[in-house]
Amino acid sequence: MTTKLEAALVYASWGWPVLPIGENSKLPASRHGVKDATTDPDKIRDWWDHNSDYNVAVAAGKASKIIVFDVD
């Protein structure tokens, strides 16, 4: 079973900036939201060391080259 930290580190290794979001939430858990998204493994470990229950978000758009369509 992959932990959320492990998943965040894998996504970051693919060049996808990640950030923590609250458990059962879509709200960023970092101070500046999506602007805090990073591929820095040390920063990512620091976030999940602080709270291992954070969920993982990937910053869509120019930084990750991921386009998201939200139909709800």
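That block above? That's the structure.
On a predicted model such as this, the values are computed, not experimentally measured, just so you know.

Cut-off values and rules
- Residues numbered from 1 in each chain as written.
- Predicted model: local features only at pLDDT ≥ 70, side-chain atom pairs only at ≥ 80, totals over all residues.
- Heavy atoms only, no water.
- Core = buried A, V, L, I, M, F, W, Y, C linked by side-chain atoms within 4.5 Å.
- Buried < 20%, exposed > 50% of the residue type's maximum accessible area, 1.4 Å probe, protein only.
- Helix = DSSP H or I, 4+ residues; strand = E, 2+ residues; numbered from the N terminus.
- Contact = heavy atoms within 4.5 Å.
- Phe/Tyr/Trp six-rings, centres within 6.5 Å; stacked < 30°, edge-to-face > 60°.

Q: Is there a simple way to explain the nonpolar core in this structure?
A: A general trend in soluble globular proteins is that nonpolar side chains are found buried together. In this structure, Ala8, Ala12, Val18, Leu19, Ile21, Ala37, Ile44, Trp47, Trp48, Tyr54, Ala57 and Ala59 together form the largest nonpolar core, which totals twelve residues. Within the residue set of this core, elements represented by two or more residues are helix H1 (4-13), strand S1 (18-21) and helix H2 (41-50). Those residues in contact with alanine 12 that sit more than four places away from it in its chain are Val18, Thr38, Thr39 and Ile44.

Q: Help me understand the packing of aromatic side chains, please; the structure alone is not making it clear to me.
A: Given two aromatic rings, their pairing is described by the distance between the two centres and the angle made by the two planes. One pass over the full model with this rule turns up five aromatic pairs. Taking 5.7 Å as the distance between ring centres and 50 degrees as the angle between the ring planes, the aromatic pair formed by tyrosine 11 and tryptophan 14 counts as tilted. The exposure class assigned to tyrosine 11 is partly exposed, which follows from its relative accessible area of 27%. Summarising the aromatic geometry, the rings of tryptophan 14 and tryptophan 16 are spaced 5.0 Å apart at their centres and angled 85 degrees between planes, so their arrangement reads as edge-to-face.

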